[in-house]
Amino acid sequence: MQPEPHKDNNFDFVRVAAAAGVLISHQFSLTGRPEPVMLGSSLGGFCVLVFFAISGYLVAGSWSHDPSAWRFTARRLLRIWPGLIVVCLLVALVLGPAVSQLGPRAYFASPATWDYLSQLNLWQFKSHLPGAFMGNPIPESANGSLWTIPIEIRCYLALMVVGLLGLMRRTWMLPVAFVAFAIWFFFLFKTGYDHPIRLHLQMAVVFFCGATLYQLRAAWSPYRSWVWFGSLAAILCVWFGGKPEIAYTLGVPLMVVLFATGSLPVLRRTGRFGDISYGLYIYAYPVQQTVVWLSDNRLPFGLGLALAAAITVVLAWLSWTLVEKPALRLKNRL
């Protein structure tokens, strides 16, 4: 459930653009090149934070419209699980044996093959398939994009707990809780900037920043232009004031939500044929690995990117039409 109709905002465009950014960024790493950097992070890492920002905003809206734990859980599962089940089965049972240097018997006898499917419990990430894509710059990695899904599931659960505790019943309660969480993360949580736990918590900060912006939407929405310029000025001051992590972590969700909740004549029609963003995200990596493997990584970068993108768009549309859209019909009945 979304707080605004698709036709009245830019959310669909932002989702598709973020998924495309992850695809482009991975095309560099999967062909042995350094990923492009954006604001001190890889392009793919930046786009992942964009996803978490809009997810926090929209999921908070879903809870506010219907604060039922079981229906909230069912909606989240129906959005994430069907597409994930199909892509994992296709990659592990169809693509895997075709691109593995092991014979079919050895491939299916390997515990790693079936361990890959354990990520369907949504709580852990697995990308290793035995003998797959050998010779690629990143061998045996079948779908590295899926690492964010367990983190997002944890954010959903945390938001549901926040809702059950009543912190979303009053406008001021979630913002106060978020400010306390952000202060703890930026000033009290002591780990290196490259530590995985810090990255996971940063994504949670971005998610709950999006949720807080939803909670406060009545206060800032009528003054969008002023808020945009004021926020940009504040972000730049914090960045050049020597706190780039704070500026980046809070600035991304703020600017993304301000843009996504707006309505531009062309961009707001991005989803009129369906939302292919999730399909782009979950299918791009194995498609790109396959193109690199089949071509022995000899295709010109632009041609390989265009070929992988075209195949991924087709698979994403099929995923939306045959899997995700039917599941969302059931979700809407809830």
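The rules behind each value
Residues numbered from 1 in each chain as written. Predicted model: local features only at pLDDT ≥ 70, side-chain atom pairs only at ≥ 80, totals over all residues. Heavy atoms only, no water. Helix = DSSP H or I, 4+ residues; strand = E, 2+ residues; numbered from the N terminus. Buried < 20%, exposed > 50% of the residue type's maximum accessible area, 1.4 Å probe, protein only. Core = buried A, V, L, I, M, F, W, Y, C linked by side-chain atoms within 4.5 Å. Contact = heavy atoms within 4.5 Å. Axes fitted to C-alpha atoms, helices over the stretch in contact; angles between N-to-C directions. Parallel < 35°, antiparallel > 145°, perpendicular 65-115°, else oblique. Left-handed = near helix turned anticlockwise from the far one by under 90°. Phe/Tyr/Trp six-rings, centres within 6.5 Å; stacked < 30°, edge-to-face > 60°. Lys NZ or Arg CZ within 6 Å of the ring centre and 35° of its normal. Salt bridge = Lys/Arg side-chain N within 4 Å of Asp/Glu carboxyl O. pLDDT = per-residue confidence, 0-100.

*Asks:* Would you take a moment to explain unusual backbone geometry for this structure?
*Replies:* Most peptide bonds are trans, and most residues other than glycine sit at a negative phi. Backbone geometry places leucine 122, a non-glycine residue, at a positive phi of 70°. As for its position among the elements, leucine 122 is in the loop between α5 (111–116) and α6 (148–164). By relative accessible area, which is 5% here, leucine 122 ends up buried. Its identity is not glycine, yet glutamate 140 carries a phi of approximately 65°, on the positive side. The class for glutamate 140 is partly exposed, based on a relative accessible area of 24%.

*Asks:* I'm lost on the nonpolar core in this one. Help?
*Replies:* For soluble globular proteins, nonpolar side chains are generally found buried alongside one another. Counting residues in each nonpolar core, the largest one holds 84 residues, and the members touching the most others are Leu84, Tyr116 and Leu159. Breaking this core down by element, the ones donating at least two residues are α1 (11–30), α2 (43–65), α3 (69–99), α6, α7 (173–188), α8 (196–215), α11 (244–260) and α12 (277–294). Examining the composition of this core, we find that 15 residues originate from one element, α2, more than from any other. In this view, leucine 159 contacts Val59, Ala60, Trp63, Phe72, Met168, Phe207, Phe208 and Ala211; residues no more than four positions away in its chain are not counted.

*Asks:* Teacher, can you tell me more about the packing of helix α10 (residues 224–240) against α11 here?
*Replies:* Relative placement of two packed helices is described by the angle separating their axes and the distance separating the axes. α11 packs onto α10 with a crossing angle of 165° between their chain directions and a minimal axis gap of 9 Å. Taken together, the axis directions place α10 and α11 in an arrangement best described as roughly antiparallel. For the pair α10 and α11, the crossing hand works out as left-handed. When α10 is examined against α11, the residues Arg224, Val227, Trp228, Ser231, Leu232, Ile235, Val238 and Trp239 are found in contact with a partner set consisting of Pro244, Ile246, Ala247, Tyr248, Gly251, Leu254, Met255 and Leu258.

*Asks:* Which parts of the structure should I look at to understand the packing of aromatic side chains?
*Replies:* Here a ring pair, both rings aromatic, is described through the centre-centre distance and the interplanar angle of the planes. A full pass over the atoms with the stated rule returns 15 aromatic pairs. Measuring from centroid to centroid gives 5.1 Å for tyrosine 107 and phenylalanine 108, while their planes differ by 85°, and the two rings are edge-to-face. Tyrosine 107 gets classed as buried once you look at its relative accessible area, which sits at 0%. What makes phenylalanine 108 partly exposed here is its relative accessible area of 32%. Ring centres 5.1 Å apart and planes at 85° place the aromatic pair tryptophan 228 and phenylalanine 229 in the edge-to-face group. Judged by relative accessible area, which is 32%, tryptophan 228 ranks as partly exposed. Judged by its relative accessible area of 56%, phenylalanine 229 is exposed. An aromatic cluster is defined as three or more aromatic residues linked by ring pairs; in this entry it consists of Phe181, Trp184, Phe185, Phe186 and Phe189. Taking NZ or CZ as reference, arginine 198 lies 4.7 Å from the ring centre of phenylalanine 185, over its face. Across from the ring centre of tyrosine 214, 3.9 Å away, lies the NZ or CZ of arginine 217, which sits over that ring.

*Asks:* I keep staring at the environment of glycine 144 and nothing clicks. Help me out?
*Replies:* Summarising the element assignment, glycine 144 is placed in the loop between α5 and α6. Considered as a pair, glycine 144 and histidine 26 are 118 residues apart in the sequence and their alpha carbons are 9.2 Å apart. In this view, glycine 144 contacts Phe125, Ser127 and Tyr285; residues no more than four positions away in its chain are not counted.

*Asks:* It is not clear to me how the pattern of salt bridges should be interpreted in this structure. Could you clarify?
*Replies:* Between side chains of opposite charge, a pair can form as their charged atoms come close. By the definition in use, this model includes nine salt bridges. With a closest N to O distance of 2.7 Å, arginine 71 and aspartate 66 form a salt bridge. Its relative accessible area of 24% is what places arginine 71 among the partly exposed residues. We note a salt bridge from glutamate 324 to arginine 79, for which the minimum N-O separation is 3.0 Å. Of the two residues, glutamate 324 sits in helix α13 (residues 301–333) while arginine 79 sits in helix α3, which places them 245 residues apart along the sequence. Judged on exposure class, the residue glutamate 324 and its partner arginine 79 are both buried. When salt bridges with common partners are traced through the structure, they connect Asp12, Arg15, Arg79, Asp275 and Glu324 into a single cluster.

*Asks:* Quick question: what am I supposed to make of the confidence of the model for the protein chain here?
*Replies:* For any part of a model where pLDDT is low, the fine detail of the predicted coordinates should not be relied upon. Of all residues in the protein chain, 97% attain a pLDDT of 70 or more, and the chain-wide mean is 93. Within the protein chain, the lowest mean pLDDT, 88, falls on strand β1 (residues 37–38), and the highest, 98, falls on α12. The model gives residues 1–6 a pLDDT under 50, and that stretch makes 19 contacts with residues more than four places away or in other chains.

*Asks:* Sorry, what's going on with the environment of cysteine 88 here?
*Replies:* Assignment of secondary structure puts cysteine 88 in helix α3. The sequence separation of cysteine 88 and tyrosine 107 amounts to 19 residues, and the corresponding C-alpha distance is 16 Å. With residues near it in sequence (within four places) discarded, cysteine 88 still touches Tyr116, Leu117, Gln119, Leu120 and Leu146.

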